[in-house]
Amino acid sequence: MTRVMKKTYLNTIPTFVIGLCFLLSLLGIFFFVDPSIIRRIPPENSYAVIFLLVFLSACFVLSYLFLNMRRGFLLAIGLTIMLLFSFLHMFTILNIVILLLTLLSFELLLTAKQ
């Protein structure tokens, strides 16, 4: 008889620690680095480092909270795209609805395949 181990928060603590490391590096950049330095990192004027750190920290922390890597990944993508829309002054209700419906359809499609 084999024991099936249920997924718990204790088993996924390394995921949370990795997410906190990315979050602390993001906060370190916000508080200790001049924005003009971040802006000059290629690709120019894109703040790609900030968006990458937001995505990685959100992905790992949300994966820990939901105990599901796929849902954390999809929500991190949504959060990062919303932040990008806000940065590009494209943050409208229509864009938010389209993004949410797209992420919801991916989640339902991937859930149905299991």
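Cut-off values and rules
- Residues numbered from 1 in each chain as written.
- Predicted model: local features only at pLDDT ≥ 70, side-chain atom pairs only at ≥ 80, totals over all residues.
- Heavy atoms only, no water.
- Patch = residues over 30% accessible without salt bridge, like charges linked within 9 Å, V, L, I, M, F, W, Y side chains within 5 Å.
- Areas by Shrake-Rupley, 256 points an atom, 1.4 Å probe, with all protein chains shown as cover.
- Salt bridge = Lys/Arg side-chain N within 4 Å of Asp/Glu carboxyl O.
- Helix = DSSP H or I, 4+ residues; strand = E, 2+ residues; numbered from the N terminus.
- Buried < 20%, exposed > 50% of the residue type's maximum accessible area, 1.4 Å probe, protein only.
- Contact = heavy atoms within 4.5 Å.

Caption draft 1: Highlighting a nonpolar patch on the surface. Taken together, the side chains of Leu20, Leu23, Leu24, Leu27, Phe30, Phe31 and Phe32 make up a nonpolar region of the molecular surface, amounting to roughly 770 Å² of accessible area. Residue placement: Leu20 occurs in helix α1 (residues 13-32).

Caption draft 2: Examining the pattern of salt bridges more closely. Scanning the entire structure with this criterion turns up two salt bridges. Taking the shortest distance from any N to any O, the salt bridge between Glu107 and Arg70 comes out at 3.0 Å. Of this pair, Glu107 sits in helix α5 (residues 93-112) while Arg70 sits in helix α4 (residues 69-87), and the two are 37 residues apart along the sequence. Judged by relative accessible area, Glu107 falls into the buried class, the value being 12%. Taking the relative accessible area as the measure of exposure, Arg70 reaches 19% and is therefore buried. Glu107 is paired through a salt bridge with Arg71; the nearest N and O atoms lie 2.9 Å apart. Here the residue Glu107 occupies a position in helix α5, and Arg71 occupies one in helix α4, the gap between them amounting to 36 residues. Note on Arg71: relative accessible area 36%, which makes it partly exposed. Through salt bridges that share partners, Arg70, Arg71 and Glu107 make up one connected network.

Caption draft 3: View of the environment of Thr15. Along the chain, Thr15 turns up in helix α1. Of the residues examined, Thr15 reaches a relative accessible area of 22% and is grouped as partly exposed. In the structure, Thr15 is positioned 78 residues away from Ile93 in sequence and 33 Å away in space, judged by C-alpha atoms. Leave out the neighbours within four places in its chain, and Thr15 touches Phe60, Ser63 and Tyr64.

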